[in-house]
Amino acid sequence: MNGSAHSASRVEEITLKRGPAGLGFNIVGGVDQQYIMNDSGIYVAKIKENGAAALDGRMQEGDKILAINGRKLDNLSHSAAVELFRSAGEDVHLRIQQRPVMQNGPTSSRVDGDSSPAFGTWTMYTIAALAVITAVGFIAYKRLHLLPRGSRGPF
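Predicted model only: the values in this text are computed from it and were never measured.

Draft legend 1. Representation of the overall build of the protein chain within the structure. A count of helical and extended segments in the protein chain gives three helices and eight strands. Order of helices (α) and strands (β) in the protein chain, N terminus to C terminus: β-β-β-β-α-β-β-α-β-β-α. A total of 155 residues make up the protein chain; the buried ones form 25% of that total. Expressed as a percentage of contacts within the protein chain between residues at least 6 apart in sequence, the contacts between residues at least 24 apart total 64%. For the protein chain, the computed accessible surface area is about 10800 Å², with 58% contributed by carbon and sulfur atoms.

Shown next, in the form of structure tokens:
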């Protein structure tokens with residue numbers, strides 16, 4: 001079905017060993033910095049190349065982190081969540097909810113995290129349509145307001 005989730009989001013348990021660069025990912029979210037409207041959860045913003053999360057391979061950008069070492073991340077500020085990660089120790093157990101994979105058309109085996117080319121195409125079409133509508137509106141406005149009162153055409 002076009003535009004629907006290809007697979008439901010699932011919860012996964014992951015244990016990462018802290019490396020020289022930490023756990024190898026950045027987070028966003030919290031009650032004070034909502035990443036998704038009306039959701040104060042903590043999300044994976046960026047996976048660092050060659051970091052612990054990238055080498056493990058199961059965590060993806062956009063995944064929601066539900067718990068760290070058994071401590072739920074509900075109703076925490078961003079800074080409180082960051083502090084939990086910093087003080088979590090060397091072996092860090094994470095419970096994550098993987099983001100649903102959205103499909104628009106045939107199923108793809110891409111797992112590189114790049115957005116679908118269809119998204120870029122639709123964005124381009126939307127911007128082009130808005131530009132045309134704006135241009136037509138501007139021309140109509142100029143015709144109505146710059147022509148002398150008696151020469152407004154056949155209407």
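Draft legend 2. Spotlight on the pattern of salt bridges. According to the stated counting rule, one finds seven salt bridges in the structure shown. By sharing partners, the salt bridges in this structure join Arg10, Glu12, Asp56 and Arg58 into a single network.

Draft legend 3. Spotlight on the confidence of the model for the protein chain. Here the protein chain shows a mean pLDDT of 80. Residues at 70 or above account for 74%. Segment residues 1–6 is flagged for pLDDT under 50; beyond a separation of four residues in sequence, or across chains, it makes 16 contacts in the model.

Draft legend 4. Main features of the layout of surface pockets. Approximately 230 Å³ is the volume found for the second largest pocket. Looking at the lining of the second largest pocket, the elements with two or more residues in it are strand S3 (25–29) and helix H2 (78–86). Of all the elements, H2 adds the most residues to the lining of the second largest pocket, at four residues. Per-class residue counts for the lining of the second largest pocket are six nonpolar, four polar and three charged.

Draft legend 5. Geometry of the environment of Asn26. Tracing the chain through its elements places Asn26 in strand S3. Sequence-wise, Asn26 and Ile47 are 21 residues apart; in three dimensions their C-alpha atoms are separated by 6.6 Å. Setting aside its immediate chain neighbours within four residues, Asn26 contacts Tyr43, Val44, Ala45, Lys46 and Lys48. In terms of polar contacts, Asn26 uses its side chain to reach the side chain of Lys48, at 3.5 Å.

Parameters at a glance
- Residues numbered from 1 in each chain as written.
- Predicted model: local features only at pLDDT ≥ 70, side-chain atom pairs only at ≥ 80, totals over all residues.
- Heavy atoms only, no water.
- Helix = DSSP H or I, 4+ residues; strand = E, 2+ residues; numbered from the N terminus.
- Buried < 20%, exposed > 50% of the residue type's maximum accessible area, 1.4 Å probe, protein only.
- Contact = heavy atoms within 4.5 Å.
- Areas by Shrake-Rupley, 256 points an atom, 1.4 Å probe, with all protein chains shown as cover.
- Salt bridge = Lys/Arg side-chain N within 4 Å of Asp/Glu carboxyl O.
- pLDDT = per-residue confidence, 0-100.
- 1 Å grid on protein atoms, 1.4 Å probe; cavity = no way out; pocket = protein on both sides within 12 Å on 5 of 7 lines; lining within 4 Å.
- Points joined across faces, edges and corners; volume = space filled by probe spheres on them.
- Nonpolar A, V, L, I, M, F, W, Y, C, P; charged D, E, K, R; others polar.
- Polar contact = N/O pair within 3.5 Å; in protein donor to acceptor, adjacent residues only side chain to side chain.

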